[in-house]
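Listed below are the residues making up each chain.
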Amino acid sequence: MKAHPIHRRRFLQGAIALPLLPSLMGATQSKKAPKRLVCVGTQLGWYKPDFFASNPSARLIQPFINAGVRDYLTTISGLDHKGPTGNGHALVYTLFTGQVLHSISLDQLVAPKLGADTRYESLQLCAGEQRFNAPVSLNKNGIPLPPIIRPSVLFAKMFGGKAADLERQQYLLESGRSLLDEVSGDAASLQNRVSNEDGEKLDEYLTSVRDVEKKLARRRDWLDKPFAKPEPGFIMPAEENVAHSMMIQNEDLMWDLMALAIKNDACRVFSLTIPLADGALMLNGNLMGAGYHNLSHHGNKRAKVDDLVAIETAHMAGAARFMKALRQTQDVDGSNLLDNTTLLIGSAMADASKHRRVDFPLMLAGGGYQHKQHISCGENEAYQNEMACDLFVTVLQHLGFEQDRFATSQSNLNAALL
Amino acid sequence: MAVIKRYLPLLCIIVVSSVDGEDAAPAAILEFTERYCISCHDAEKQKGDLRLDTLPWTLTETEPRDQWELINEYISHGDMPPEEAKRHPDTAARDAFLAGLESAFAQADELAKPGGTPARRLNRVEYLNTIREIFGFRMIDLPLSFPEDAPATGFDTMPEGLFLSPAVMEGYHDVATEIADRFAPLPNPPKYASNLTTGTIGGDASRRWFGPDNEYLKFSGFNHSGWVGGLWDPLFVAPASGVYRVRLLANAQAELGADGRPFRFSFYTFDPTEEQLMKRYRVERATFVAEVEVPAGEPCWIECDVPVEKGETFHLYCDNRLLPGQYPMGDLNRAEINSVLKEIKERPEPTIELRGMKVEGPVDVAPRVKDFFGTWPPKLDRAALETKLLPMASQAFRRPLTDTESEKLIASILEHGARMEKPEFAWHYAIRRILCSPEFLYREAENTSFLSEYALASRLSYFLWSSMPDTELLELAAAGKLSDSDTLVAQTERLLSDSKSGQFVKHFTGQWLGNRDVEAVNVCDNRYDWDDNVRYGFVRSTERFFEEVLRDNLPISTFIDSDFTYANSAMRVIWEMEPKVDKTLAAVATRQRQSLVWPEPDRVSLSTTAEKLPSHVRNRGGILGLPGVLTVTGDGVESSPILRGVWVLDNLFGKHPPPPPKDVPAIDIDTSQATNVRETLKAHTEVETCAKCHRDIDPIGLALENYDATGGWRESYLGESKVTIDASSTLPDGTQLDGAASIKNYLLENREIFTHCLLTKLLEYGAGRTLSVGDRRVVEELVAAEPTEGYRFQDLIIAAINSDVFRAK
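Residues numbered from 1 in each chain as written. Chains lettered and ligands numbered in written order. Predicted model: local features only at pLDDT ≥ 70, side-chain atom pairs only at ≥ 80, totals over all residues. Heavy atoms only, no water.

Asks: Please provide a residue-by-residue account of the overall build of chain A, values included.
Replies: Of the regular secondary structure elements, chain A holds 10 helices and nine strands. Within chain A, buried positions represent 59% of all 418 residues. Of the contacts made within chain A by residues no fewer than 6 positions apart, 74% connect residues no fewer than 24 positions apart. Total accessible area on chain A is roughly 16,000 Å²; 50% of this is exposed by carbon and sulfur atoms. (Helix = DSSP H or I, 4+ residues; strand = E, 2+ residues; numbered from the N terminus. Buried < 20%, exposed > 50% of the residue type's maximum accessible area, 1.4 Å probe, protein only. Contact = heavy atoms within 4.5 Å. Areas by Shrake-Rupley, 256 points an atom, 1.4 Å probe, with all protein chains shown as cover.)

Structure follows, in C-alpha cells:
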C-alpha cells in the first residue's frame, strides 16, 4: 500500500479572530450568543486509565494541556446506561440515546431548536467509512442518520462548492417540493393497497419525504443568502481517502472543519462518530503494526495499550485543537466560542478489551460549565449518580431546554457542573 | 458476512398464560419450568436476560420460537440447569420435557406459514442497475454523499437494513436530477470554452512528442491498455451533458494510415474522478464516442462534434498510426514499454501533426436525447406523453400504470410544462417525479400471502440479475403465467444463463463469501505480500470458483471440497507456484502495474494427476481454501480463530451463536502470559457461560490456524520462539479436528448441514428476509428431499425459487 501524503497543517493558529457569523451580522456585544453542541463517540472505547483526569499523568489529557485548554474540561467516571453487555459492539450506538433502543439521540433532540437559524440544522460526521454498527446520531424515529464521511463534502456544504447557477438551483428547489408532494400522494395511495407491515415501511418513506421537503424549503430560503468564504490559510488536501487506514487524517479534517463551521455559524449541532476499524491505521507517517480493533483487545499487554493510547491521543489532539480554535475566537456576547459550545466525548463501549458496558469514559468540555477536572460518580462518592443520562440532563438545561429527564436519567449533575 | 449476525431481543412483553387468543403452554412444560427454571429466570433475577414467566408460547413466531429452541438445546446438552442450581431434573423428567417441546415444535410447524418480507426499497446496486437499463447510461454512479445501505445483519436485500431516511430520500432526488439533466436537459446549461496551443495541450507527460522546433505535437501513440500517446484538454470537465465542438489545427503526414484508411483522430470519454488523470486506466472505463478524418497536406482546422456526459472528459488518439498488433499491449513492464515506444518514436513513419485545439460547448444536446425525443426541444402534448412517458413509467414501476395513474401523471406534466412555458422543464420534471415515486423505489409492496405475478417477476429478476424484469418476464406476468411452476423453472434457467446473472455471482459472493470485505480490508503490508493485484486475485478467484459451480451445475459439495481452485499470477507467486524467473511478487507487481491490466485468475487443477503443486495448494479445495475468505476472517494483521470460527459457523454450518448474556460475571482474566492464541482462548473453555458458545466457535477457528491473515500457509507463528502450529481441536460432539481437511470431511459426511445452510442463504438473499418458522419447515422438507447424489447448484436454486418460501410474500 502506498503511503499517502502526510496531512498538512490547515489551521490558522494565533491571534483572536472575530467570528464570521452572517446570521448574526450587526449583533451587538450584549446579544445572547447561540448555543452549540458537539457529540463525539468512538466505537472502540477509550483506555480509561489514561482517559480520566483523576490520573495526573493521564496521557489522553496531555493534548489538552499542550493546547492550553486543560481547564475547560471535566472527565466523569462511574456512569453508564445500565444496559446489558450483549454483543460487544451492537449497542455502542446508544451512547447518546441512553440505551433506550431506537430512540432519539441527544444531538437530534436539540437540533430543531439550536439549529433553527443556521443553514444546516445539524450535521453528522464520521472519520472515514462507517461500516459496522450504527453511528451515534439517531433521529426521532430511532433511525441512524448516515454521516458525512468525506471532508470535501462537508467543505462544500459550508462554502458552497462550485459557483452555483442560482436560477437553476431555485427551479430545482421549488419544483422539488411540488414533486415530493406528488410522490407523497403515490405513497398514500399505495398504503391503501398494501399490508400493515408494508404500510409501516411507507411511513418511513412519507416521513423522509416530508423532512426533505422542509429541507428544500429551507435551502430555498437560504439560496438568497451568501455562503461564507473559507479562511485564506485553509487548504483542503488534494486527495481524499475514506479508507480506515487514513482515519486519523480524515478525522483531523473533520475537527478543523467543525471549528470553521461554528466560526461561520453554518451549523450549531454536530455529531462525530469515530468508527471501528479492523485494519491498521497510518499514524505519524507510519502504518501501525496492528489493527485498531485488535489493539482495543489489548488484554492489558503493555505494548498494545501503548499503541492504542497513541491512536486515542491522536483523537484527543483533534479535540484539543478544535477547542483551542474556538477559544481564540470571540463570540457575539463578548466571550469566546468555546464557552458557548458544549463538547461531549465518550463511548458506550466502556471497556473494549473485555467488551464491557459498565462505567463509560465520558468527557464534558467547553460550554461554560463549572469544570472540575474530574468527577467520580456512584455510591460512596460525592455525586451519587449512576446514569450517564444524568449528565445529558444537565447539558440540556444548560443549553436552554426546560426538561429534567432524558431517556434513562434518574437525576442530574447540576450541582457538580452548573 | 458480519461477525455475529443476530442479536436476539431477549425481553418479551406479552404475558403467556391466560391472555385471550394466546396459546398457553401445556401444563407439563409449565411444571418443568416452574420447578427447575423460574427461580433464576423470573422478573427479579432474569439470569442471562431470559424471563420465562413472560416468554410467549407462540411457536409459530420466530422470536419466541428461537428462544424455546435455545432452551431445548441447553437442556439437552446439560448446560441448564447450571451445576450450582439447587434442583436438577432426573433423566425421565428431562426427556419428557424435551419430547414435549419437540412435539410442540412439530405441531407449530404444521401451522406456521411461510412468508414475511415487507416492502423493500432498491438497494444501491439494484438502483444503479435499474436506471442504467431504463436510460441506457453506461457510466452513471451514485454521488459520493449518497448514504450507504446499512445492512447491520444479513444481506443488503433485506429490508431491515434498507431504511429510507431523509438523507437517502435527498440522495434519490439528487440522482434523479442528475439523470434528468442527462436525459432531458434544462435550457441554458453552463458552458465551457478553451483555446489551446502546443504548449498548453495536455498529454501523457512523458510522451508528448514534438516535431522539430516544437512546432507541432506528434501523435505517436495508441490507445489500448497502455493508453499511450493520448492528448487532451487539461481543464476540461463537461459542465453539462451534450455535444462539444472540438476544433483541431491538424494535418496528416500521408494520405493513408497503417490500416489503409485515411488518418483519423478518435475520441474517448471517461470520468476523470475515477482515476487520477495522469495515470492509466482500464480500457473498459473509457467509451469511444467519435472520430474525424485528418487530411494530408497543410495544417487546417478540422471539426468534430463529441458527445460528453456531465462530469466527464475526453482524450484523443490516432487509432491507425500503426497496424493493430504492432503496439505494446497487455502484461509488460515499464522497461519493455519504454523500449517499444523509443523504437516507435525513432521510426520514420508518417503520423498526424497537431498545432492547436479549441473546445467549446455544449453546442447541442447529446444524440441520445434526439434519438429518444425525435426532436429537441421536445414535443409536449398528450400524444407525446402517452407514447414516450407512460412506457418509461411502466418500466420504472415494473408494471403497467392504471388508467387513473396515467391520467394523473399526464395532467401533472402538462400543467408543469404550461406553467414553465417550456417543454424541457416538463420532461425534466417528469423523470424526477417518476424516479422519486415509491412505486419505483419499493418493490413487492402488496397485500397478498403469495406474490402477485408482477411482484414475482421483480423478485426473480432482482434475485438473479440485481435489476428490473425484462420484457419477457413482464409479458408472462401480464398473462398470469409466471407463477406456473414449469414457467418459473424455465425462466430461472433463462435468467441464469444470461450474462446479467454475473450480478448474482458478484453480489452473493460479495456477501456470503466476504468479497466485499476483501475489497476493503487493510492488510498490514510489511508483513505480508500484498498489493492490488493480490487483492484483485482474491476477489476474482472466489467469484470464478463460485461461477464454475454455478455454470456447470456442479454438486454443492464442491463448495466444501473441490479438485480445482483459481489463482492469478500474483497469488501463484505467493503460493510459490511460479517458475524461477521473475519470481518475486515485487517483480510481478511491477510488470502488472505498468500495464495496469490486473490479471484474471486462471483455473488450477488440484487433482493428483495435475502439475506438481505444493501440498498446501493441493489442499485448497472448496471455500475454505479460498484466500479471500481466510483474509476477511482476520484483521489484516493477524488471523483470528474467533472470527474464523464464527464465520464458518455462520456461512457453512448455518449456525449463529447468540451474543454473550448481560450478566457475564466481571472476569478479570490475565492473558498477558499467554504465548499463543490457543492459550489465550483457553479462558473460554474454563468459564461455563463462555463455553456454551465458544465450544462451537473455537475448535473450528483453531483448526484453521495454519492459514495466516492473508490465507497463506504457515507451519509456525511469527516471532522469536517459533511455535509450531497445532491445528487440532475437538468439536462438542466429540469429533476430532485437525486442519481444514477435517472440517471439510465433517461437512461432507453430514451433508445436510451445508445443504440447509446454503439453501437458507439463497432464500434470505433472494426472498429478502430472515426465514420465519413456516419458511424453515419448507427448507427442512427440501433438505430432506435431497437426492442421493446430492443437490447440484442450479437445481438447488431452482428448487429454492419454486418453493413456497420464495413465492410467499
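Asks: Can you tell me about helix H26 (residues 751–767) of chain B, naming the residues and giving the values?
Replies: If you check H26 of chain B, its first and last C-alpha atoms are 24 Å apart, about what 17 residues at 1.5 Å a residue would give, namely 24 Å. Burial of H26 of chain B is extensive: 14 of the 17 residues sit out of reach of the surface. (Expected span 1.5 Å × (residues − 1).)

Asks: Lay out the sheet that holds strand S4 (residues 269–274) of chain A in plain terms, naming residues and giving numbers.
Replies: Residues and elements named next belong to chain A. Strands sit in the order S3-S4-S1-S7-S8-S2-S9 across an open sheet of seven strands; the sheet is mixed. In the strand order of this sheet, the two ends are held by strand S3 (123–126) and strand S9 (373–376), each with one partner. On average, each strand axis in the sheet is inclined to that of its neighbour by 15°, with strand direction left out of account. Packing of helix H8 (residues 302–327) onto the sheet brings it into contact with strand S1 (36–42), S4, strand S7 (341–346) and strand S8 (362–366), and relative to S7 it is tilted by some 175°. (Pairing = 2+ DSSP bridges. Axes fitted to C-alpha atoms, helices over the stretch in contact; angles between N-to-C directions.)

Asks: Can you tell me about the environment of Ser271 of chain A, naming the residues and giving the values?
Replies: Residue and element names in this part refer to chain A. Tracing the backbone through its elements, the reader meets Ser271 in strand S4. Classification of Ser271 by relative accessible area gives buried; the value is 1%. In the structure, Ser271 is positioned 126 residues away from Leu145 in sequence and 10 Å away in space, judged by C-alpha atoms. Once residues within four sequence positions are removed from consideration, Ser271 is found in contact with Cys39, Asp107, Leu123, Gln124, Leu125, Val136 and Ser137. Within polar-contact distance, the side chain of Ser271 engages the side chain of Ser137 at 2.7 Å. (Polar contact = N/O pair within 3.5 Å; in protein donor to acceptor, adjacent residues only side chain to side chain.)

Asks: If you had to explain the packing of helix H4 (residues 166–191) of chain A against helix H10 (residues 423–436) of chain B to someone new, which residues and values would you point to?
Replies: Where H4 of chain A meets H10 of chain B, the axes come as close as 9 Å, and the angle between the chain directions of the two elements is 45°. When the interaxial angle is binned, H4 of chain A and H10 of chain B end up oblique. Two packed elements cross with a definite hand, and for H4 of chain A against H10 of chain B that hand is right-handed. For the pair H4 of chain A and H10 of chain B, contact is made by Tyr171, Leu172, Ser175, Gly176, Ser178, Leu179, Glu182, Val183 and Asp186 of chain A and by Phe425, His428, Tyr429, Arg432, Arg433 and Cys436 of chain B, respectively. Considering only residue class, the contact of H4 of chain A with H10 of chain B consists of seven nonpolar, four polar and four charged. (Parallel < 35°, antiparallel > 145°, perpendicular 65-115°, else oblique. Left-handed = near helix turned anticlockwise from the far one by under 90°. Nonpolar A, V, L, I, M, F, W, Y, C, P; charged D, E, K, R; others polar.)

Asks: Before we move on, can you summarise the packing of helix H8 (residues 382–397) of chain B against H10 of chain B with the specific residues and values?
Replies: Residue and element names in this part refer to chain B. Axis separation between H8 and H10 bottoms out at 10 Å; the angle between their running directions is 20°. Here H8 is positioned roughly parallel relative to H10, judged by the angle of their axes. Crossing of H8 over H10 shows right-handed handedness. Contacts between H8 and H10 involve Ala384, Leu385, Lys388, Leu389, Met392, Ala393, Ala396 and Phe397 on the former and, on the latter, Trp427, Ala430, Ile431 and Ile434. When grouped by side-chain class, the residues that make up the contact of H8 with H10 number 11 nonpolar, no polar and one charged.

Asks: A description of the confidence of the model for chain B should follow, citing residues and the corresponding values.
Replies: All names here are of chain B. Per-residue confidence for chain B averages 83 on the pLDDT scale, and 83% of its residues sit at or above 70. Low pLDDT (under 50) marks residues 275–282, which in the prediction has 29 contacts with non-local residues, meaning those over four places away or in another chain. Confidence over residues 664–668 falls short of pLDDT 50; this stretch has six contacts with residues more than four positions distant or in other chains. (pLDDT = per-residue confidence, 0-100.)

Asks: Which residues make up the packing of aromatic side chains, and what are the values?
Replies: All names here are of chain B. Taken as a whole, this structure holds 50 aromatic pairs over all chains when the rule is applied. Where Phe559 meets Phe793, the ring centres are 5.0 Å apart and the plane angle is 90°; that geometry is what we call edge-to-face. Here Phe559 is found in the loop between helix H17 (532–551) and strand S14 (564–567), whereas its partner Phe793 is found in helix H28 (residues 793–802), with 234 residues between them in sequence. Residue Phe793 is classed as buried on the basis of its relative accessible area of 0%. Here Arg182 stacks its cationic end above the ring of Phe137, 5.2 Å away from the centre of that ring. Directly above the ring of Trp301 sits Lys358, whose terminal nitrogen or CZ lies 4.8 Å from the centroid. (Phe/Tyr/Trp six-rings, centres within 6.5 Å; stacked < 30°, edge-to-face > 60°. Lys NZ or Arg CZ within 6 Å of the ring centre and 35° of its normal.)

Asks: Outline the confidence of the model for chain A, supporting the account with residue identities and numerical values.
Replies: For chain A, per-residue confidence averages 85 on the pLDDT scale, and 88% of positions sit at 70 or higher. In this model, residues 1–29 of chain A is a region of pLDDT below 50 whose contacts with residues beyond four sequence positions or in other chains number 67 contacts.

Asks: Outline the side chain of Arg120 of chain B, supporting the account with residue identities and numerical values.
Replies: Residue and element names in this part refer to chain B. As for its placement among the helices and strands, Arg120 is situated in strand S1 (residues 120–121). On the basis of relative accessible area, Arg120 is assigned to the buried category, the value being 1%. At 2.9 Å, the side chain of Arg120 forms a polar contact with the backbone oxygen of Thr157. A distance of 3.2 Å separates a polar side-chain atom of Arg120 from the backbone oxygen of Gly766. Contact partners of Arg120, with chain neighbours within four places excluded, come to Thr157, Pro159, Leu441, Tyr442, Arg443, Glu444, Arg459, Tyr765, Gly766, Ala767 and Gly768.

Asks: Please set out the environment of Ala134 of chain A residue by residue, giving values where relevant.
Replies: Residue and element names in this part refer to chain A. Mapped onto the elements of the fold, Ala134 is located in the loop between S3 and helix H3 (151–159). Look at Ala134 and you get buried, because its relative accessible area is 16%. Counting along the chain gives 91 residues from Ala134 to Gln43, while the straight-line C-alpha distance between them is 9.1 Å.

Asks: Just give me the short version of the pattern of salt bridges, but keep the residues and values in it.
Replies: In a structure, side chains of opposite charge can pair up when their charged atoms sit close to one another. Considering all chains together, one arrives at 60 salt bridges over all chains under this definition. For Asp265 of chain A, the salt bridge is made with Arg268 of chain A, and the minimal N-O distance between the two is 2.7 Å. The exposure classification of Asp265 of chain A matches that of Arg268 of chain A, with both residues buried. Glu407 of chain B serves as the salt-bridge partner of Arg382 of chain B, at 3.1 Å between the closest nitrogen and oxygen. One end of the pair, Arg382 of chain B, is in helix H8; the other, Glu407 of chain B, is in helix H9 (residues 403–420), and 25 residues separate them in sequence. Judged by its relative accessible area of 40%, Glu407 of chain B falls in the partly exposed class. Via salt bridges that share partners, Arg168 of chain A together with Glu178, Asp181, Arg182, Glu309, Lys310 and Arg368 of chain B belong to a single interconnected network. (Salt bridge = Lys/Arg side-chain N within 4 Å of Asp/Glu carboxyl O.)

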